[in-house]
Amino acid sequence: ADASFRRYLRIDDEAGRSFIVMDAPPDKEDCRPFVKVAGLMQDAGLLVPRILAWDEPQGFMLLDDLGTQTMIEVVDREHPAANQKLYLRAVDALVAWQAASRPDVLPAYDEALLSRELQLFPDWYLAQHRGVALDDAQRQVLDDQFRLIVSRNLAAPAVYVHRDFMPRNLMMPAQADEPRLGVLDFQDAVYGPVTYDVASLMRDAFLSWDEDFVLDVTVRYWERARVQGLLDAEGWSQDFGEFWRAVEWMGLQRHLKVAGIFARLTLRDGKPKYLADAPRFIHYIRA
């Protein structure tokens, strides 16, 4: 509950079963998107917390407890290949979520939203954090590139987008025989580019992989998504190279946005730990 106003409390009932209480102040957090997306994900066969009770006026919710370990806690950072099976479980969840997509159910990840997110980079990372004042020529370069990034990403087929699909938001299930990873932090889901969630999974905010491992998992995602008919655009289902290029375009939008968000979390919200990971995103952007 670090990047929002929500907080979570674990409680046990008399039988020793564990539950989660979400405390989301109604004046700061709207829980309706969380409830809606949880239902969509459940219908798609994903492992998400069930909403057992909801006191909407006071902002309290009783949820299933999916466990105590996130995926990032069990990742072997030193040996990328050792994580392949774990990442493919994440890919399975992602493809199931995308395959259930329907238009006009979630807000559109449209030109306005993509552009607004990109603006976080000059507004917060450059101006507020780095103290850089862009001259007219620099501003023009940035505006031109932002338009190009947005147009490239809007060319992608549209599916349900989690919008922060990464190991910190995936849970190791408490039951050893449960093959699915739990999915959390999905309340900002939208309907937009099919490339977004795989880009955020493999170009992580909190750990970086070498290109070989990123390619290995991405090509396996591509194979599964192709079978589901999710990639019928610009020859992507036939040509992994074209799909990979599109993932990089989408990643670039996300990296610029996140660098801005991390600066904002530090400067506006008093949460300085995020800025320690900003150099990772500057590296992604340069690459």
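For the structure itself, look to the data block above.
A quick note: this is a predicted structure, and the numbers were derived from the prediction, not measured. (Residues numbered from 1 in each chain as written. Predicted model: local features only at pLDDT ≥ 70, side-chain atom pairs only at ≥ 80, totals over all residues. Heavy atoms only, no water.)

Re helix H5 (residues 120-129)
Of all the positions in H5, only Leu120, Phe121, Pro122, Tyr125 and Leu126 are classed as buried. Elements in contact with the buried residues of H5: helix H4 (111-118), helix H6 (136-154), helix H9 (240-267) and helix H10 (278-286). A positive backbone phi angle near 70° is found at glycine 131, which sits one or two residues after H5. (Buried < 20%, exposed > 50% of the residue type's maximum accessible area, 1.4 Å probe, protein only. Helix = DSSP H or I, 4+ residues; strand = E, 2+ residues; numbered from the N terminus. Contact = heavy atoms within 4.5 Å.)

Observations regarding the pattern of salt bridges
Scanning the model with the defined rule gives 21 salt bridges in all. Measuring nitrogen to oxygen at the nearest pair gives 3.1 Å for the salt bridge that ties aspartate 92 to arginine 224. Remark: arginine 224 occurs in helix H8 (residues 211-227) and aspartate 92 occurs in helix H3 (residues 84-99); sequence separation between them is 132 residues. Classification of aspartate 92 by relative accessible area gives partly exposed; the value is 41%. Since its relative accessible area comes to 30%, arginine 224 is described here as partly exposed. Between arginine 245 and glutamate 242 there is a salt bridge, and its shortest N-O distance comes to 3.8 Å. (Salt bridge = Lys/Arg side-chain N within 4 Å of Asp/Glu carboxyl O.)

A look at the nonpolar core
Ranked by size, the top nonpolar core spans 90 residues in total, and within it Tyr87 and Trp97 carry the most contacts. For this core, the element with the highest residue contribution is H9, accounting for 12 residues. For tryptophan 97, the residues in contact, after removing those within four places along its chain, are Val37, Leu40, Met41, Ala44, Leu46, Leu106, Tyr160, Val161, His162, Ala189 and Asp197. (Core = buried A, V, L, I, M, F, W, Y, C linked by side-chain atoms within 4.5 Å.)

A word on the packing of H9 against H10
Interaxial distance between H9 and H10 falls to 9 Å at its minimum, and their mutual angle equals 155°. Taken together, the axes of H9 and H10 are roughly antiparallel relative to one another. In the packing of H9 onto H10, the handedness of the crossing is left-handed. Packed against H9, whose contacting residues are Leu252, His255, Leu256, Val258, Ala259 and Phe262, the element H10 presents Ala278, Phe281, Ile282, Tyr284 and Ile285 at the interface. Tallied by class, the residues present in the contact of H9 with H10 amount to 10 nonpolar, one polar and no charged. (Axes fitted to C-alpha atoms, helices over the stretch in contact; angles between N-to-C directions. Parallel < 35°, antiparallel > 145°, perpendicular 65-115°, else oblique. Left-handed = near helix turned anticlockwise from the far one by under 90°. Nonpolar A, V, L, I, M, F, W, Y, C, P; charged D, E, K, R; others polar.)

Comments concerning the environment of alanine 176
Structurally, alanine 176 can be placed in the loop between strand S6 (170-171) and strand S7 (182-183). Assessed through its relative accessible area of 85%, alanine 176 is described here as exposed.

Thoughts on the packing of aromatic side chains
Counted under the stated rule, the structure contains 18 aromatic pairs. Judged by centre distance (6.4 Å) and plane angle (70°), the ring pair of tyrosine 160 and tyrosine 191 falls under edge-to-face. With a gap of 31 residues between them, tyrosine 160 in strand S5 (residues 158-161) and tyrosine 191 in strand S8 (residues 190-193) connect regions that are remote in the sequence. Assigned by exposure class, tyrosine 160 and tyrosine 191 land together as buried. Chaining the aromatic ring pairs together yields one cluster made of Tyr221, Trp222, Trp236, Phe240, Phe243 and Trp244. When the ring centre of phenylalanine 5 is taken as reference, the NZ or CZ atom of lysine 28 above it lies at 5.5 Å. Above the ring of phenylalanine 206, the side-chain terminus of arginine 168 is found at 4.1 Å from the ring centroid. (Phe/Tyr/Trp six-rings, centres within 6.5 Å; stacked < 30°, edge-to-face > 60°. Lys NZ or Arg CZ within 6 Å of the ring centre and 35° of its normal.)

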